[in-house]
Amino acid sequence: MLTVPVETQILFAGILFLLGLVGLLVRRNLVFMLMSIEIMFNSAGLVFIIAARQWNQPDGQVMFIFILAVTAVEVAIGLALILQVYHHFKTLDVDAINKLKDN
Amino acid sequence: MDIFFYIAAAIAILSTILAISGRNAIHSLLFLILSLLAISVVFYLLDAPFIAALEVIIYAGAIMVLFIFVTMMLNIGLEHKQEKKWLRPQMWILPSILAAILFIDLMLALKNMPTVVAGKQVILPKQVGISLFTTYLLAVEIAAILLMGGVIGAYHLGSQKKKVLHRFLIKK
Amino acid sequence: MKSIIALIPALPLFSFLILVLFGGKLSRKVAGWVGAGSVGIAALLTVIVGIDLIQALPGVKSYSVVVWQWMHAGNLSANIAFSLDALSIVFCFVITFVGFLIHIYSIGFMAKDEGFTRFFAYMNLFVSSMLILVLADNILLMYLGWEGVGLCSYLLIGFWYKEPENGTAARKAFIITRIGDTAMIIGIFILFVSFGTFNIQEIMHLASTKWAIGSSIAVLTAALLLGGALGKSAQLPLQTWLPDAMAGPSPVSALIHAATMVTAGVYLIARTNVLFSLAPIVQTVIAVIGALTLLVAGFSALGQHDLKRILAYSTISQIGYMFLALGVGAYSGAIFHFMIHAFFKALLFLAAGVVIQVLDEEHDIFKMGGLRKKMPVVFLTFLIGSASLSALPLVTAGFYSKDAILWFAYSSNSGGMVLWLAGIVGAFLTALYSFRMIFITFYGKIKTEPSFNAGRFMTVPLIILAVLSVLGGFIELPASLGNIHLFSDLVNNTLPAVAIRNVEHMEWLFQILSSLIALSGIYLAYRWYYLKPPYMESFRKSRLNHFFEKGFEFDKLYQLVVVKPVVWLAEVDKKDFFDLLNISIAKLAIRMNLILSIAQNGKLRWYLLSFAIGIALILTIMMKQ
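About the criteria used
- Residues numbered from 1 in each chain as written.
- Chains lettered and ligands numbered in written order.
- Predicted model: local features only at pLDDT ≥ 70, side-chain atom pairs only at ≥ 80, totals over all residues.
- Heavy atoms only, no water.
- Helix = DSSP H or I, 4+ residues; strand = E, 2+ residues; numbered from the N terminus.
- Contact = heavy atoms within 4.5 Å.
- Buried area = accessible area lost by both parts, 1.4 Å probe.
- Salt bridge = Lys/Arg side-chain N within 4 Å of Asp/Glu carboxyl O.
- Polar contact = N/O pair within 3.5 Å; in protein donor to acceptor, adjacent residues only side chain to side chain.
- Nonpolar A, V, L, I, M, F, W, Y, C, P; charged D, E, K, R; others polar.
- pLDDT = per-residue confidence, 0-100.
- Phe/Tyr/Trp six-rings, centres within 6.5 Å; stacked < 30°, edge-to-face > 60°.
- Buried < 20%, exposed > 50% of the residue type's maximum accessible area, 1.4 Å probe, protein only.

## Concerning the environment of Q121 of chain B
For Q121 of chain B, the location among the structural elements is in the loop between α5 (93–111) and α6 (125–134). Taking C-alpha positions, Q121 of chain B is 9.0 Å from D47 of chain B, a pair spaced 74 residues apart along the chain.

In structure tokens:
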């Protein structure tokens, strides 16, 4: 039986999430940004599992399965879009995609 | 049992840091897979063996592999110098500060939480399955439709129409 | 019987609504008959009610009928109410009868015009407004009619709106009459503040008891109302719009600018005559303005070469006669001359319209000539109209009406030799310019060939009006020639009789003098414009003739004295403080836009950073609580 306090577990998940956030803000390459988003999704799922164990309900694990499905779809479409961006702009720099700027 | 949790947690955090700060894309992705495996161990320790298995199979095994395929297709790993130019140290300052603020907020929020004793029973995959197919049946169907939409979307978005010009029309 | 009175202005108004709403779907024939028929039925009703009223006089002074309550706020109340007395019945008769003839004429005149239905709609609205004006019980309703005829005048002068000059002429008319209207409404305000009512009879009664003769408030109010009358009736100094208003179709000139709208000022002064008797100085001013106007307009008419402009200046001159009569207190004389003038001036305008249309829109009389044999009916009616205008002795109605005015100008208590002299010189000029018109247009060599013959729609009204121009005078013969005073008896039920000095025995002398003057004017016209001696040609090119042609250069004067300073002031005031306020608000908005648009640089990482900062801030604030 795991006796690690719940706060520690949640803090662990929080650290992972914040690492993903920092990665998203820092990196300029689109693939890395997508990767950071993956980390954030994963850590959110981790919180669900922690909660499931805490309250003794299977709902958390069910939620994680749905998150998994959503993440899969999102990665597939995100990568397809990244391919299009690469073929159009010839670079994966996110700062090159600024056509929606004001004037 | 606790010690395994802390070891797995440390490995996960370390490999995530290496993943986001790496310059080679393939290396970062491989570090990320490592992080996911460590988290899968954590899942097992949290009495969710089925989820641990799913994490390895689907997340690390399918999604990350998809990432690696696309990265190899686009040859991103070769642009070492470019990544080095983009990842100057001073870029990390502001995001780190923000992350620190949010972390402090999280700790404060946790302090105010009432302490609850952990449960005694282990949740079996059978319970998860029953819950999935009775209470959340509709959500399962919708997730299936979402996946189908994703497949079709990814197929259409990924297609490139290559213009084939007659040889007389090609500009020299 | 009383309810019929409300129908008289209502029928043309109703016809206006029908033509406006359904005009596009009606055929020309139906539209014409609806338009003309409504005025015709109104004329019939006027005759019926008029006979009834005349039989009831002098016991019953007027019929009143209240149709509905218009507004009521505190002690301010005005109703849609009509009051018919001797003065209004004369005006109603002229408006509806002459109006009906003009509408019949218009069916023929506007037959080929694309705005046929629109024309009849506007004409009906005009007739309705004019009837409201003369039938109004209270002065506010009269002002409604006043404004209505001003509006219709604008719409009809600028009827052929595709030519910009017509629009300019219409705007000029509207703006100049507006000056008069503003004076009038201030006068109405003063009346209401003093007496608390809009009802004309009550105002007259209260004014005669409360205001002293010659008191400053009476003079002020009378002067303001006079201002309104001057604008509408095109007298000095507000007369410059009428010659330019000839840009409208000829039936419009006949109805509005000869017979009815320009006489609204005469009606106003006659209706509120008590106020003017309380301010004798204003009455003298009316007479002086009338005398001056008739001279200025008479000379100006001599210099014109546009057929309709001659008639326009002639109208200004004849209304000057009416004002002269009003100024010396000869109210019945003024109204009689109004009625006869309506007949022959409408006739002249309609005949001029036929001539102009037949000659393919040729207005210049020096390009016309010899039409006597080609258009005999028009020539004959035009001749009768001009003869009546020139007051040809004994056979024309114009002689009796103009002669009455000249006599009263001399013999009335406020009249005198000077006013009579002005009138007699004006009569000479009238005969001169009207027969100048006849000789140049209808005699001599043919310069422009008529392209078609006028139809019956146009010639029959001419004939009817010609008959009236001759026979209309026989209801009011002076003392030395038969002493019939049917007309003045009728009108004097409402208006005060003229007070004459003790010179009645000299009346025959003045009649002979005016007859001689008229005949000598005709003879001089014959010598100068038929026999055409060579010095006429050099006169035509002289500075004096040019001065006459420009209407004594009033337009130039107003341009210099009024228009230029106002325009200069507006230019100087272009960048004043309030402008700056508005501009600075706009500039501030643009500046803020420039600043804030820096934040929208299209870079995804910026947006993500702002997300993160926002989340951090919000969560921190939430934690603090």
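## A look at the interface of chain B and chain C
At the interface, eight residues of chain B touch nine residues of chain C. Contact between chain B and chain C buries roughly 670 Å² in total, counting both sides, with carbon and sulfur atoms accounting for 83%. The interface formed by chain B and chain C includes zero salt bridges. There are one residue pair in polar contact (both at pLDDT 80 or more) connecting chain B and chain C. Grouping the constituent residues of the side of chain B that touches chain C by class yields seven nonpolar, no polar and one charged.

## A word on the interface of chain A and chain B
Facing the 69 residues of chain A at the interface are 80 residues of chain B. Contact between chain A and chain B buries roughly 6900 Å² in total, counting both sides, with carbon and sulfur atoms accounting for 78%. Here R53 of chain A ties to D47 of chain B by a salt bridge, and the two come within 3.1 Å at their closest N and O atoms. The interface formed by chain A and chain B includes nine residue pairs in polar contact (both at pLDDT 80 or more). Going through the elements one at a time, α1 (6–26), α2 (30–55) and α3 (59–89) of chain A are the ones with two or more residues in the side of chain A that touches chain B. In terms of residue count, the dominant contributor to the side of chain A that touches chain B is α3 of chain A (23 residues).

## Topic: the confidence of the model for chain B
The predicted model of chain B has a mean per-residue pLDDT of 86, with 88% of residues at 70 or higher. The complex model carries a pTM of 0.69, and its ipTM stands at 0.90.

## Describing the packing of aromatic side chains
The full count for this structure, using the stated rule, is 34 aromatic pairs over all chains. Geometrically, the ring pair formed by F5 of chain B and Y6 of chain B is edge-to-face, given 5.7 Å between the ring centres and 75° between the ring planes. A relative accessible area of 2% means that F5 of chain B is categorised as buried. Under the relative-accessibility criterion, Y6 of chain B is labelled partly exposed at 40%. Their ring planes at 55° and their centres at 5.2 Å tell us that F379 of chain C and F442 of chain C sit as a pair that is tilted.

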